[in-house]
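Summary of structural features
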Amino acid sequence: QVQLVESGGGLVQAGDSLRLSCVASGRTFSRETMGWFRPVPGKEREFVAAIVWTGGTIYADSVKGRFIIARDNAKNTVYLQMNILKPEDTAIYYCAAESRGSNWRTTSYAYWGQGTQVTVSS
């Protein structure tokens, strides 16, 4: 049974940093695209970042230059380093795995974690 478990969320102040982790179990995702999403009003989930198996990355404009996605295939883990956090980054962050389409679309991913809450106070 495939599981994705996120961790690393918390309550921080604007300008602080957090690193989220997503550990996959049940199978290896070393040759799969992994992504991070967060819900926003009016949308179920908004794309944040994705990393393909070769290490290439894409980011939403809202986080470009502040967030870094990385992966450790030996640990079957993907990370999201979040810097210069803003109150508008407050959300539950979801990890997703195995994209079979556009990497910024939620419908492209086969597996999802339960999410980790990030709260940024002003």
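The text that follows walks through the structure, step by step, so that each part is easy to find. For clarity, every value in this text was computed on a predicted model and none was experimentally measured.

1. Describing the side chain of Arg 66
Mapped onto the fold, Arg 66 is located in the loop between strand 6 (57-59) and strand 7 (67-72). For Arg 66, a relative accessible area of 8% translates into the label buried. A polar contact of 2.9 Å, which involves the side chain of Arg 66, links it to the backbone oxygen of Ile 84. In this view, Arg 66 contacts Gln 81, Met 82, Asn 83, Ile 84, Leu 85, Lys 86 and Asp 89; residues no more than four positions away in its chain are not counted.

2. Observations regarding the nonpolar core
One finds Trp 36, Leu 80, Met 82 and Tyr 93 to be the most contacted residues of the largest nonpolar core, which totals 32 residues. If you list the elements that add at least two residues to this core, you get strand 3 (18-25), strand 4 (34-40), strand 5 (43-51), strand 7, strand 8 (77-82), strand 9 (91-99) and strand 11 (116-121). Look past the residues within four positions of Tyr 93 in its chain and what remains in contact with it is Glu 6, Leu 20, Trp 36, Phe 37, Arg 38, Val 48, Phe 67, Leu 80, Met 82, Gly 115, Thr 116 and Val 118.

3. A short note on the packing of aromatic side chains
Applying the stated criterion to the full structure yields five aromatic pairs. A ring pair is formed by Phe 37 and Phe 47, whose centres lie 5.7 Å apart and whose planes are at 70°; its orientation type is edge-to-face. A residue pair is termed long-range when its members are at least 10 positions apart, and Phe 37 in strand 4 and Phe 47 in strand 5 qualify at ten residues. Take Phe 37 and Phe 47: they sit in the same class, and that class is buried. Centroid distance Tyr 109 to Trp 112: 6.1 Å. Interplanar angle 65°. Geometry classified as edge-to-face. Among the aromatic residues, those joined into a cluster by ring pairs are Phe 37, Phe 47, Tyr 109 and Trp 112. In this arrangement the basic side chain of Arg 45 is found over the ring face of Trp 112, its NZ or CZ atom lying 4.8 Å from the centre.

Parameters and conventions
- Residues numbered from 1 in each chain as written.
- Predicted model: local features only at pLDDT ≥ 70, side-chain atom pairs only at ≥ 80, totals over all residues.
- Heavy atoms only, no water.
- Helix = DSSP H or I, 4+ residues; strand = E, 2+ residues; numbered from the N terminus.
- Buried < 20%, exposed > 50% of the residue type's maximum accessible area, 1.4 Å probe, protein only.
- Polar contact = N/O pair within 3.5 Å; in protein donor to acceptor, adjacent residues only side chain to side chain.
- Contact = heavy atoms within 4.5 Å.
- Core = buried A, V, L, I, M, F, W, Y, C linked by side-chain atoms within 4.5 Å.
- Phe/Tyr/Trp six-rings, centres within 6.5 Å; stacked < 30°, edge-to-face > 60°.
- Lys NZ or Arg CZ within 6 Å of the ring centre and 35° of its normal.

Interpretation in functional terms is not warranted from these geometric data alone.
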